[in-house]
Amino acid sequence: MTGAINFAGKNATVNLSDAKAISGDITTSANISGVKTGILNTLGAATLSGNVGAVGAAIEQLNINTAGTSSKTVDALGNINAGTVNLQNDGVLRMADNKDLTGNVTTALAGTGALTFLGTSTVTGNVGAAGTALKAINAGATTETVTFMSGVTYANTLAYTGNGTVLFKGTSPAGVAPNLGFVGAVDFGTNVTSTGTLKLGDAVDLVTQNATSAGANTQTTFLDANGATLRFVGNSTVTGNLGSADNAGNQNFAHIFADGASGKVVNLLGKVYVSSSTFNVAGTGTVNFQDDLYGPLRYTADGTVNVADTKSIYPSTDATAAGSVTTTVANTGTLNFLGSTTTQVPIGTSALPLKAVNFHSSTDVPTATVNIGHDVYATTTTIGNATGTTTANITATGKYLGTNLTLSDNTTLNTAGNPATYTSYTDGTLAPSGVVTQSLIGGGALNTNNATLNFAVGSQAWASSNSGTGGLVNPAGSSTITGAAGSTLSMGATSTVNVSLLGSLRNGETATLIDVAAAGNTTLPGTYRDNSYVIDTQLS
């Protein structure tokens, strides 16, 4: 048909035969009190060259493939405004680039009907429903973006046609939780590069395929995501592991971004696996890992990451991916380990330190054990909090602990394992339970407050009585903390320093436990004890 159709506010119906077209706009009168008028039935395949309805003047129904054989396609070359777009007989509605769809998209039979987007489009209205999902949504053309504005979108498959972006901004109806964006399988492998970006809008949540107690019609499955990107725009909660250790179905994303501004929070309730690249903190908001992260963590903005009690950050299960915590801007990013943890990867670099790393930062965790065996490059490192009891073990030697290092009053810092456990040898020496460590700090302040510090001082074995090097201090076997140029030391009046002598020392031997650059810090306040069962030693 050449020309336009105007329903003029009448409850009329127009049937368009199979393989026919309408060249002009299809219009109706302005919707009064929300009442829409006019029904267009495409009996099979069709081309609609003009706009269907208009903003504030939508037609009542656009029914696709009402009498055609299965999978007939209707090409919409203009915008569509309709109360309902009904996909019948597995019909397909194909939207042209830069054309938008407004209206609820439905199917009468679950798993039938498809929406295809050739470029950038905005969809306003519910798409599918719980229990009656569409068969497919084809979107994500290269460099293009399709945005679903409202409601949960239900389809068996969201198939990416290129490296473009699909954004879900909708939420569940009032009172329905969680607020989900898309339910179904997201398949990035439908384009040759297995790329593309899935965005979840502010206050949009995700229930993954790995959630063990998910309700019906709530889960999202990811396929061939190893080259793809997942972005959280604002607040989101993810239920279930995001990815898996065996990367089944290539479900692990290459890149994950938390883009939220200050005040926005992404809660990840399960484990998170990053396939080949990085979890990026790209906003100034907060990311809460309630379980372990497997893969690198990178700050590109001054955001905050909280790692739950007993959890940590591990290298990726993908052998090709390195494991580390980094920032792209020096003195940017805060990392909080809320309770017990064992470091598994280096944190920061000498050139690009984080702003802060805080171990046992939460007062909600009364007791925690922290094992630090990797470099911690941060402008400020804090161990312990105001009320909890913290045991901190330095488990590897030669590690950097921060430009400034602060211990809480209730922290015990062990530099050579458990000071109560030793192995004795016939040469007169003792072996501690842990590695004897020699740690470094930068040119800032070491503030122990009223913490307890446990050191070990090694001695050279006695080859024969009063001869050779026997009884001399063994620097390599002694634990120390050494500050760079400009470093200072501050200790509380009730600090305790315990020194374990790992053998008998000659008279006059001295050992340095903490070495800072600033003058005036050679006399240390506090209490000094040694546990040698061989000789008594005067400490100063």
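Structural data are supplied above this passage.
Basis of the calculations
- Residues numbered from 1 in each chain as written.
- Predicted model: local features only at pLDDT ≥ 70, side-chain atom pairs only at ≥ 80, totals over all residues.
- Heavy atoms only, no water.
- Helix = DSSP H or I, 4+ residues; strand = E, 2+ residues; numbered from the N terminus.
- Buried < 20%, exposed > 50% of the residue type's maximum accessible area, 1.4 Å probe, protein only.
- Contact = heavy atoms within 4.5 Å.
- Phe/Tyr/Trp six-rings, centres within 6.5 Å; stacked < 30°, edge-to-face > 60°.
- Pairing = 2+ DSSP bridges.
- Axes fitted to C-alpha atoms, helices over the stretch in contact; angles between N-to-C directions.

K.L.:
Sorry if this is basic, but what is going on with the environment of A159 here?
P.N.:
Position of A159 relative to the elements: it lies in strand β16 (residues 153-160). Since its relative accessible area comes to 9%, A159 is described here as buried. Placed 54 residues apart in sequence, A159 and V105 show a C-alpha to C-alpha distance of 17 Å. Excluding its chain neighbours within four sequence positions, the residues that come into contact with A159 are I137, N138, A139, D187 and T190.

K.L.:
How do you make sense of the packing of aromatic side chains when you look at a structure like this?
P.N.:
The relative placement of two aromatic rings is captured by the distance of their centres and the angle of their planes. For the structure shown, the criterion picks out 11 aromatic pairs. Measuring from ring centre to ring centre gives 5.4 Å for F168 and F182, while their planes differ by 35°; the resulting arrangement is tilted. On the criterion of sequence distance, the pair formed by F168 in strand β17 (residues 165-168) and F182 in strand β18 (residues 182-187) is long-range, its members being 14 residues apart. Here the aromatic rings of Y294 and Y314 are separated by 5.0 Å at their centres, their planes lie at 15°, and the arrangement is stacked.

K.L.:
Would you mind showing me how to read the sheet that holds strand β6 (residues 46-48) here?
P.N.:
What holds strands together in a sheet is hydrogen bonding between their backbones, with the strands either parallel or antiparallel. With parallel pairing, the nine strands of this open sheet are ordered in space as β3-β6-β8-β10-β12-β14-β16-β18-β21. Since the sheet does not close on itself, it has two edges, and those belong to β3 (20-22) and β21 (220-223), each with one partner. Across the sheet, the mean angle separating the axes of adjacent strands is 15° when strand polarity is ignored. With three bridges connecting them, β3 and β6 associate as parallel partners. Counterpart to K20 in the pairing with β6 is A46.

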